[in-house]
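Examination of the molecular architecture
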Amino acid sequence: MSTDARSKIEKLREKIRYHERKYHEEFAPEISDPEFDKLMDELKGLEEVHPKLATPDSPTQRVGGEPVDEFKEVTHTRPMLSLDNTYSAEELREFDGRVRRLLPDTEFDYTVELKIDGLGVSLHYEDGVFVQGITRGHRFGDDVTPNLRTIRSLPLRLTPSVVPGDIEVRGEVYLKHKAFEWINAERKKAGEQLFVNPRNAAAGSLRQLDPRITASRPLNVFIYGLTAPEETPFQSHDEALAALEEAGFPVIERRRRLPTIEAVIEHCLAVEAERGRFDYDADGMVVKVDSFELQEKLASTAKHPRWAIAYKFPAEQATTTVERIDVNVGRTGAVTPVALLAPVRVGGATVSRATLHNEDEVSRKDIREGDTVLIERGGDVIPKVVEVITEKRTGREKSFVMPETCPACGAALHRAEGEAARRCTNAACPAQMRERIIHFARRAAMDIEHLGPKIVDQLIEAKLVGDVADLYGLTVEKLLPLERFAEKSAANLVAAIEASKGRGLDRLLFGLGIRHVGERGAGILAENFAGLDALIEVAKSKPDQLEELQEIGPIMAESLSRFFSEPRNLKIIEKLDAVGALTELARPEATISQVLEGMTVVLTGTLKGYTRREAAEAVEARGGRVAASVSPKTDYVIVGDEPGSKYDKALSLGIRSLNEAEFEEILAGRLPGPG
Ligand code: IVH
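In the neighbourhood of the ligand, 14 residues make up the surrounding shell, with Leu83, Glu113, Leu114, Glu172 and Tyr224 lying closest. For the ligand, an oxygen atom lies 3.4 Å from a polar atom in the side chain of lysine 115. A total of 520 Å² of accessible area belongs to the ligand in isolation, and the protein chains cover 90% of it. Here the element with the most residues in the shell around the ligand is strand β3 (residues 110-116); it accounts for 4 residues. Residues that form the shell around the ligand fall into these classes: 7 nonpolar, 2 polar and 5 charged.

Below, the structure written as structure tokens:
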């Protein structure tokens, strides 16, 4: 074997590691992805020619793996239970009381450590080599081994003889704040939907069917325990974690072995006080009885171990000032107040906006421009204003007055009776137009790939589009002068727009963004009308007839009638027809695919693109049932912004939770792999 090859391989590895560090730790890549791939291919090639020089720590070991259609479901060797929660020192003392009653006259220590807000995984090693990794689930999980391999902090081979070679450990996959912000910044640049919080981003990244996508997300892992401690030489949790650390695992931080619950409480509160300084999301501390023998004695209930408990930190709060109250105009013209804040760090993220929902909320909380406010950030990036700190008022604050006219176009705003929102009445409003085009392109509507909010802004700015029909007039030549467009990206966008022409009447109706016409409504209309003309005819002249259709009520009928009586809208439809976008619009061949047939879905939190009702309708339209609470029978939990306890319950039962993007995949007829 030539020393030449050896030194070439070593040099390449060093170079690759350097660029990996730039990418995964500093988020400042110096070379492009294809250039990086080229280096990796070169190394792979050399290692193939010189198999003896291939080492387990080579960067090539972390890549590879072809995309899969779905994940393999695997049974855990032991259930992955969840932890019971406490929220105060008092509750921790009660936990201590329960443990002591179960262990009379026994002396023992506790181990306390951070609780990471990420995704639980179980990792299997054989002969010291990482062989399989499975996502958390009570009894079952998804085999995500190729994805876990891409996590650079996860050892692929353990330091020999520090821990048994055949070992199963459990831990939490997470994203550092910096990594999360970087991923979102990149997504924003690409006009893609942003992740709500680091946990969602980590979950979305780990559950990629294509490991190459996971590899591009700088995920991390912390190990917090052993699955079967009695099969190891270790007597206690603290001892085991110390050994795991020595064996090369990144072990959960702020770990302390302490003799009394009072010392435990002191440590919990001390860590709570400094948690703003962590560069990842920690949502509390975990208190565990240290001795494995005692853990076994205490055993578990069906859901939680009796030997451990979580102490949850309260939602992180901060004070800042409201610099301005701005208003946003949505697709349907709803005008929402938003507080622009002096940037402040809360829970590791910098926040500068808080939604104020509607004018009633602003007056109820009496939030004024210039006010000092207490804001709170739960797991999510968009925080809420808890209250105004009135003692800080100087008298120079300005009360918020909801504008009478649209901030984007100057048209009158109208607040309908019984509604919290004021709406812009101008159908040609540019702000509404922007949102309507974005909506039209959405996956559940016309599904135009490559057309995100950023691009829409560019198109409007360049006056290339004024309504959705103008999209079909775009050409490569027209796009090329725009920033960020090259021959290939321009051609891709034009092709994606072209491909949307035959989407079907249901998607077009939904995509037009007619108020009160959600996906379900659009589907019913499409089933009952042979084409758009027939629907327009009835909507204009005999809207009452629409109400005869099952599930179409007077509100939707009235809205349709209004929409199709508006000359501006009819003109857009004419234009769509002229460019050939309606040609294949005759009755859709298949009705909505029944992907959720027989399944139970629970909704929690606020979705960006759907009201609760629209989401429920969309689920039902696909054969699913929406339940109010999470139970072991739940198939999916759809998690929006600020999810409630249903989300925690889903996690604890190991039920597959989906973010909005994944939900939309289902709506488009594609079920994610089993969870
Ligand atoms: S111990 C049998 N320790 O919290 C108990 N879990 O509800 C096993 N988690 O999603 C859990 N940090 O993945 C334990 N230091 C820690 C943890 C931790 C985060 C996660 C775990 C699960 C949830 C428990």
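On the surface, a cluster of negative charge is contributed by Asp533, Glu537, Glu574 and Asp577. Among the secondary structure elements, those contributing two or more residues to the negative patch are α18 (532-541) and α21 (567-578). Considering the arrangement of structural elements, one finds glutamate 574 in helix α21.

Here the focus is unusual backbone geometry. A negative phi holds for most residues other than glycine; trans holds for most peptide bonds. Even without a glycine there, the phi angle at aspartate 105 is positive, about 55°. Overall, the relative accessible area of 85% leaves aspartate 105 in the exposed class. Notably, arginine 484 is not glycine yet its phi reads approximately 75°, a positive angle. Relative to the helices and strands, arginine 484 is located in the loop between α14 (476-479) and α15 (487-499). The partly exposed category is assigned to arginine 484, whose relative accessible area is 44%.

This part is about the pattern of salt bridges. Applying the stated criterion across every chain, the model contains 54 salt bridges. Across the pair glutamate 498 and lysine 501 runs a salt bridge, and its minimum N-O distance is 3.2 Å. Exposure remark for glutamate 498: the relative accessible area of 43% places this residue in the partly exposed category. In the salt-bridge network here, residues are joined through shared partners; they are Asp109, Asp238, Glu245, Arg255, Arg257 and Asp290.

With the rule as written, the count across this model stands at 14 aromatic pairs. Ring geometry for tyrosine 125 and phenylalanine 249: centres 5.2 Å apart, planes at 90°, overall edge-to-face. Linking tyrosine 125 in strand β4 (residues 119-126) with phenylalanine 249 in the loop between α8 (237-246) and β9 (256-258), this pair joins segments that are 124 residues apart in sequence. Taking the relative accessible area as the measure of exposure, tyrosine 125 reaches 2% and is therefore buried. Each member of the aromatic cluster is reached from another via a ring pair, and the members are Tyr174, Phe222, Phe278 and Tyr280. A cation sits over an aromatic face here: arginine 187 above phenylalanine 195, 4.3 Å from the ring centre. Above the ring of tyrosine 610, the side-chain terminus of arginine 442 is found at 4.9 Å from the ring centroid.

For the rest of this paragraph, the subject is the confidence of the model for the protein. The predicted model of the protein averages 89 in pLDDT, with 97% of residues at 70 or higher. Least confident of the elements in the protein is helix α22 (residues 612-621), whose mean pLDDT is 81; most confident is β9, at 98. A low-confidence stretch, residues 586-590 stays under pLDDT 50, and its non-local contacts, those more than four residues away or across chains, total 7 contacts.

Our focus in this paragraph is helix α1 (residues 3-24). Helix length check: α1, at 22 residues, gives a terminal C-alpha distance of 31 Å against a target of 32 Å (1.5 Å per residue), a fit within 8%. For α1, every residue scored as buried is listed here: Ala5, Ile9, Leu12, Arg13, Ile16, His19, Glu20, Lys22, Tyr23 and His24.

Across the sheet, which stays open at both edges, the 4 strands sit in the order β22-β21-β23-β24 with parallel pairing between neighbours. Where the open sheet ends on each side, the last strands, each with one partner, are β22 (625-627) and β24 (656-658). Here the strands of the sheet are splayed against their neighbours by 35° on average, with no regard to which way each runs. Against the sheet, helix α23 (residues 645-653) touches β21 (600-604), β23 (636-639) and β24, its axis set at about 135° to β21. Contacts from helix α24 (residues 660-667) reach β23 and β24 within the one sheet, and its direction differs from that of β24 by about 95°.

So, about the side chain of glutamate 369. Here glutamate 369 is to be found in strand β15 (residues 368-369). Its relative accessible area of 16% is what places glutamate 369 among the buried residues. Polar contacts involving the side chain of glutamate 369 include one to the main-chain amide nitrogen of isoleucine 325, which spans 2.8 Å. Excluding anything up to four places from it in sequence, glutamate 369 contacts Val322, Glu323, Arg324, Ile325, Glu397 and Lys398.

What counts, and where the lines are drawn
- Residues numbered from 1 in each chain as written.
- Predicted model: local features only at pLDDT ≥ 70, side-chain atom pairs only at ≥ 80, totals over all residues.
- Heavy atoms only, no water.
- Near = heavy atom within 4 Å.
- Polar contact = N/O pair within 3.5 Å; in protein donor to acceptor, adjacent residues only side chain to side chain.
- Areas by Shrake-Rupley, 256 points an atom, 1.4 Å probe, with all protein chains shown as cover.
- Helix = DSSP H or I, 4+ residues; strand = E, 2+ residues; numbered from the N terminus.
- Nonpolar A, V, L, I, M, F, W, Y, C, P; charged D, E, K, R; others polar.
- Patch = residues over 30% accessible without salt bridge, like charges linked within 9 Å, V, L, I, M, F, W, Y side chains within 5 Å.
- Salt bridge = Lys/Arg side-chain N within 4 Å of Asp/Glu carboxyl O.
- Lys, Arg positive; Asp, Glu negative; His and termini not counted.
- Charge placed at Lys NZ, Arg CZ, Asp CG, Glu CD.
- Buried < 20%, exposed > 50% of the residue type's maximum accessible area, 1.4 Å probe, protein only.
- Phe/Tyr/Trp six-rings, centres within 6.5 Å; stacked < 30°, edge-to-face > 60°.
- Lys NZ or Arg CZ within 6 Å of the ring centre and 35° of its normal.
- pLDDT = per-residue confidence, 0-100.
- Contact = heavy atoms within 4.5 Å.
- Expected span 1.5 Å × (residues − 1).
- Pairing = 2+ DSSP bridges.
- Axes fitted to C-alpha atoms, helices over the stretch in contact; angles between N-to-C directions.

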